[in-house]
Amino acid sequence: MNYLEILKFRHACKIFDESKKIGAGEFDFILEAGRLSPSSTGLEQWDFLVVQNKELREKIKAVSWNQVQITSCSHLVVILAKIKEVKVGSSYIDKMIARRADKDPEAITARQKFYHDFLLSNFKNDDELTFQWSHEQCMIAATNMMNAAASLGIDSCPIEGFDRQALNEILGLDESEKRVAILVPFGYRLNPQPEKLRRQRAEVVTWIY
C-alpha cells in the first residue's frame, strides 16, 4: 500500500477477531514506529506498556466504558505521558543531553540552559501543563504506531474514553510522575470496514498567499 492507501485502510476497529494474533516480528515493527516518532525538543515524552494479562485487561476495561476492544484485541498498548522526567533538573533530561554528539562542556551547558529556560517559561514546573504537552507528543507516537500497523494489514482503535484517574490507580502510577495518555488496541478486524467519511479538501484547507 502507498501511504494514502494505508490511511484509508486504518479505521477505529470496534470488534477484533479474537482467533487471530499479531506475530512477534510484526508487533516489534509497530513498537519501533512508536519509538522512532518525533517529539517536541526530542524528549520522547512517552513510555509504552504492552498489557497482555487478561485479569488486568478486564480491570482496564471496567474503567474504560466497558469497551470490548480492550479485552478482544491481540495486543493492548497503553501509552504513558511523562511528567516528572520532563521537568526542569531531571536526570532523564541529563541523560537525553548526554547521548548527543556535542558533548564538550560548553555545548552541554548550553543545552541544559535551553531545556531549563524552555520548560520553565512554557510549563512553569506545573504538572497539568506538563501533562498536556506530553500528552500531545504521545498522540504523535500513537498515530505512527496505528499507521505502521495498517501498513501490515493490522487494525487498531485509539481510545481516550476512560476514567484517567481510576486507570492510573489500576496501573499503580504516581500522577505526578506519569499518566495514561491513550490506549491503543491492535489486532485484526472481524467485520468489514465501514465507509470512511471525511470532509472534502476544499472544506478543510484554506490557502493564504
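For the structure, see preceding data.
Note that the structure is a prediction, hence the values are computed from the model and not measured. Residue numbers here run from 1 along each chain, matching the order of that chain's written sequence. Only residues with pLDDT of 70 or above have their local features reported here, since the model is predicted, and side-chain atom pairs are shown and tallied only from 80 upward, although totals for entire chains, interfaces and linings are computed over all residues. Computation of side-chain values covers all heavy atoms of the structure but excludes hydrogens and water.

(A) Spatial organisation of the environment of S39. The helix and strand labels rest on DSSP assignments: H or I over at least four residues marks a helix, E over at least two residues marks a strand, and numbering proceeds from the N terminus. Here S39 is to be found in the loop between α2 (24-35) and β1 (46-51). Among the residues examined, S39 registers a relative accessible area of 17% and is labelled buried. For the pair S39 and S134, spaced 95 residues apart in sequence, the C-alpha to C-alpha distance is 8.9 Å. The contact criterion used is simple: two residues touch if any of their non-hydrogen atoms lie within 4.5 Å. With sequence-adjacent residues up to four places away left out, S39 is seen in contact with E44, Q45, W46 and Q137. Polar side-chain contacts of S39 include one of 2.9 Å to the backbone nitrogen of E44. Residue exposure (1.4 Å probe, protein chains only): buried if accessible area is under 20% of the type maximum, exposed if over 50%, otherwise partly exposed. In protein, a polar contact requires one atom able to donate a hydrogen and another able to accept it; more generally it is a pair of N or O atoms within 3.5 Å, and residues adjacent in sequence count only if both atoms are side-chain atoms.

(B) The arrangement of the nonpolar core in detail. Ranked by size, the top nonpolar core spans 21 residues in total, and within it I30, I79, I154, V184 and F186 carry the most contacts. Contributing elements (two or more residues each) for this core: α2, β2 (75-82), α7 (127-151) and β4 (178-187). With seven residues, the single largest contributor to this core is α7. The contacts of I30, once residues within four sequence positions are left out, are M145, A148, A149, I154 and F186. To define a nonpolar core, start from buried Ala, Val, Leu, Ile, Met, Phe, Trp, Tyr and Cys residues and group those joined through side-chain atoms within 4.5 Å.

(C) Seen up close, a nonpolar patch on the surface. Patch membership requires more than 30% relative accessible area and the absence of a salt bridge. Residues of like charge join within 9 Å; the nonpolar side chains Val, Leu, Ile, Met, Phe, Trp and Tyr join within 5 Å. Reported accessibility uses the Shrake-Rupley method at a 1.4 Å probe radius. Residues are deemed covered only where the shown protein chains occlude them. Put simply, a salt bridge is a Lys or Arg side-chain nitrogen that is within 4 Å of an Asp or Glu carboxyl oxygen. Where nonpolar side chains cluster on the molecular surface, the patch consists of V204, V205, W207 and Y209 and spans about 560 Å² of accessible area. In this fold, Y209 is placed in the segment after α9 (201-204).

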